[in-house]
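Geometric and topological summary
Spelled out from the first residue to the last, the chains are:
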2 protein chains.
Amino acid sequence: MRRIKLTVAYDGTNYCGWQIQPNGITIEEVLNQKLSKLTGEEIHVIGASRTDSGVHALGNIAVFDTNSTIPPGRFACAVNQKLPEDIVVIHSEEVPQGWHPRYQDCTKYYEYHILNSPIPNPLCRLTTSHVSFPLDEEKMQAAANYLTGTHDFKSFCNIRTNTDDTIRTIYSLDVIRDGEEIKIRVSGNGFLYNMVRIIAGTLIRVGRGFYQPEQIKEILDAKERTEAGVTAPPQGLTLVGIEYSGHVERGQNILRRNTSPEREKNGKNLF
Amino acid sequence: MRRIKLTVAYDGTNYCGWQIQPNGITIEEVLNQKLSKLTGEEIHVIGASRTDSGVHALGNIAVFDTNSTIPPGRFACAVNQKLPEDIVVIHSEEVPQGWHPRYQDCTKYYEYHILNSPIPNPLCRLTTSHVSFPLDEEKMQAAANYLTGTHDFKSFCNIRTNTDDTIRTIYSLDVIRDGEEIKIRVSGNGFLYNMVRIIAGTLIRVGRGFYQPEQIKEILDAKERTEAGVTAPPQGLTLVGIEYSGHVERGQNILRRNTSPEREKNGKNLF
């Protein structure tokens, strides 16, 4: 029995998120089906990030156990022949049996994309969130700076979360404007349920002038979900990749990440 | 009776092109339906470019005649309330009755997007064409240079075209690499049926090394469709915009066009 690790990219538009649901097709389910077909075994993948319905990934991680004789590096290519076009396994390799994608130290990298223009753009509607009101990206960055570091993010967490430990560390949180596109890039040691989308929704409120940047501190201190902004829509969010203790699992290069090996490990490796 | 001009952006993925077809929904048909509903009249739009099935637009142009009292500039907003998310009218205005979008001097701007990477990217599969073999963009540009200017483009035209006049002028044709993305940007006074996609397919063959750049001259001279490369897939192509004698009709800014008014009119205004 070998444990195979997959790096998976997907367009989440047509899926009810990663995790198997009673109603609606999920990424996990499709991977299980296609890997089972490929190996002739009953395969159950374990994912690193259970992304929400409509959220995308360039480098989510999953593992599964198999007795198949397919060489580990060939699983990506073999299963891609069976997967629909909106799910692509971009890498496969063997890992030790005990290796679990959720129980290792890691850095997760997310991007939230906003189209900040008076009129929506049909060509990027599935991967950006459209905000027609002008946003002040400098104020958004000033607000973002209050969120970096180790904090109790209870105010930035869906109330239906099932954890009591709401302390997380954000390594970097950058707001980058390029014309009408605003990217919010965040890296951290883990994120609570809806945390990135609530951060995005709160920064959008700051950008519109509804909150002052310094109010972020009060929102954190309140430890109360209702104090933060709304959860921003899922289609703007992409899990860019996950870095396991020095071992970089990256998605593709479309987000123009700078991954020079000389660069210091400051939570910006995958961007 | 007034003539209203619309600038229309659309994701062509789910449509059988612009022009009304017996089987399958088209952009023209949806615009007719929604404008008829809006005005209570039977509206028939006339489009500038009859884009193929699966081809996108950021700034196609259409006109229609109406007795509606809706102010010309308000049509965009009003019809967007009724249109599906993948079609957006980005501008509306009144034009003189005789103004026809296909019978005016104009410059058309197209972009063809290629993802040149070993592995496809599910997040841009609907707006790029994936080429897994390495492409040499310098050779592609050298080949492109043979196509600029006024030529008989019979070799670069679908044989089912219904025109005898296959002479056109290409003002600019640039091959731009940005990481794994290659953009082919072309402007001209008009394009034959499938011409941009055949140019893209031919440049891809040059980029792979199957043709030498200087062979483009022979292909032009042959005036024979079979001499050029295959028609590249539709999803990579976007009609960026149309410029009518000094009057710029542009799509949105997502392609990061440089449209400074100082810039000389050399067929690069909309890029």
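Conventions adopted
- Residues numbered from 1 in each chain as written.
- Chains lettered and ligands numbered in written order.
- Predicted model: local features only at pLDDT ≥ 70, side-chain atom pairs only at ≥ 80, totals over all residues.
- Heavy atoms only, no water.
- Helix = DSSP H or I, 4+ residues; strand = E, 2+ residues; numbered from the N terminus.
- Rg over C-alpha atoms; globule rule 2.2 N^0.38 Å.
- Buried < 20%, exposed > 50% of the residue type's maximum accessible area, 1.4 Å probe, protein only.
- Contact = heavy atoms within 4.5 Å.
- Areas by Shrake-Rupley, 256 points an atom, 1.4 Å probe, with all protein chains shown as cover.
- Lys, Arg positive; Asp, Glu negative; His and termini not counted.
- Charge placed at Lys NZ, Arg CZ, Asp CG, Glu CD.
- UniProt positions renumbered as here; feature names shortened; annotations may be inferred.
- Arc of directions from axis to C-beta.
- Polar contact = N/O pair within 3.5 Å; in protein donor to acceptor, adjacent residues only side chain to side chain.
- Axes fitted to C-alpha atoms, helices over the stretch in contact; angles between N-to-C directions.
- Parallel < 35°, antiparallel > 145°, perpendicular 65-115°, else oblique.
- Left-handed = near helix turned anticlockwise from the far one by under 90°.
- Nonpolar A, V, L, I, M, F, W, Y, C, P; charged D, E, K, R; others polar.
- Buried area = accessible area lost by both parts, 1.4 Å probe.
- Salt bridge = Lys/Arg side-chain N within 4 Å of Asp/Glu carboxyl O.
- Pairing = 2+ DSSP bridges.
- Least-squares fit on C-alpha atoms with pLDDT ≥ 70 in both.

Next up on the list: the overall build of chain A. Looking only at helices and strands, one finds five helices and 11 strands in chain A. Relative to the compact-globule value of 18 Å for 271 residues, chain A shows a C-alpha radius of gyration of 19 Å, a close match. Seen through its C-alpha atoms, chain A measures out along the principal axes to roughly 60 × 45 × 40 Å. Counting across all 271 residues of chain A, residues that qualify as buried make up 55%. Across chain A, the fraction of contacts at a sequence separation of at least 24, relative to all contacts at a separation of at least 6, is 70%. A total of about 11,700 Å² of accessible surface is found on chain A, and carbon and sulfur atoms cover 47% of it. Computing the positive centroid from 30 side-chain charges and the negative centroid from 32, chain A places the two 3 Å apart.

It is worth spelling out the UniProt feature "active site" (unreviewed entry) in chain A at this point. Residues and elements named next belong to chain A. Under the local residue numbering, the UniProt record ascribes the feature "active site" (unreviewed entry) to Asp 52. Position of Asp 52 among the secondary structure elements: in the loop between strand E2 (46–47) and strand E3 (56–66). Setting aside anything within four residues of it in sequence, one finds Asp 52 in contact with Gly 17, Tyr 193, Asn 194 and Arg 197.

Before going further, it helps to examine the environment of Val 131 of chain A. All names here are of chain A. Considering the arrangement of structural elements, one finds Val 131 in strand E6 (residues 129–131). For the pair Val 131 and Ser 117, spaced 14 residues apart in sequence, the C-alpha separation works out to 6.6 Å. Residue contacts for Val 131: discarding those within four places in its chain leaves Ile 114, Leu 115, Asn 116, Ser 117 and Ile 204.

Next up on the list: helix H3 (residues 137–145) of chain A. In an α-helix, one full turn covers 3.6 residues, which means residues spaced three or four apart are oriented alike. Residue and element names in this part refer to chain A. Of all the positions in H3, only Met 140, Gln 141, Ala 143 and Ala 144 are classed as buried. Around the axis of H3, the buried residues are gathered within 160 degrees of arc, so they sit on the same side. Buried residues along H3 sit in contact with strand E5 (106–116), strand E8 (167–178), strand E9 (181–188), helix H4 (195–208) and helix H5 (215–222). N-capping of H3 is provided by Asp 136, with a side-chain oxygen placed 2.9 Å from the backbone N of Glu 138.

Let us now look at the packing of helix H3 (residues 137–145) of chain B against helix H4 (residues 195–208) of chain B. All names here are of chain B. In the contact formed by H3 and H4, the axes pass within 8 Å of each other and the chain directions differ by 135 degrees. In terms of orientation, H3 lies oblique with respect to H4. When you trace H3 past H4, the crossing you get is right-handed. Touching Lys 139, Met 140, Ala 143 and Ala 144 of H3 are Leu 203, Ile 204, Val 206 and Gly 207, all from H4. In terms of residue class, the contact of H3 with H4 is made up of six nonpolar, one polar and one charged.

Below, the discussion takes up the interface of chain B and chain A. In this assembly, 29 residues from chain B lie in contact with 29 residues from chain A. Between chain B and chain A, roughly 2,400 Å² of surface is buried when both sides are summed, and carbon and sulfur atoms account for 57% of that area. Taken together, the connections running from chain B to chain A amount to two salt bridges. Ionic pairing is found between Asp 11 of chain B and Arg 125 of chain A, a salt bridge with its closest N-O pair at 2.9 Å. At the boundary of chain B with chain A, the tally comes to two residue pairs in polar contact (both at pLDDT 80 or more). Those elements that provide at least two residues to the side of chain B that touches chain A are strand E1 (2–10), strand E3 (56–66) and strand E4 (87–95) of chain B. Class assignment of the residues belonging to the side of chain B that touches chain A gives a composition of 14 nonpolar, seven polar and eight charged.

Residue and element names in this part refer to chain B. Of all nine residues in E4, seven are buried, a share of seventy percent or more. With eight bridges connecting them, E1 and E4 associate as antiparallel partners. Looking at the pairing, Tyr 10 lines up with Ile 87 of E4.

Superposition record for chain B on chain A: RMSD 0.0 Å, screw rotation 180 degrees, translation along axis 0.0 Å. Such values leave the two copies arranged in the relation of a two-fold axis. Scanning chain B for the C-alpha nearest the rotation axis identifies Cys 124 of chain B, at a separation of 4.6 Å.

Take the environment of Leu 35 of chain B next. Residue and element names in this part refer to chain B. Along the chain, the position of Leu 35 falls in helix H1 (residues 27–39). Looking at Leu 35, the relative accessible area reads 0%, which means it is buried. Taking C-alpha positions, Leu 35 is 28 Å from Tyr 193, a pair spaced 158 residues apart along the chain. With residues up to four places along the chain from it excluded, the contact list for Leu 35 reads Leu 6, Ile 43, Val 45, Phe 64, Phe 75 and Val 79.

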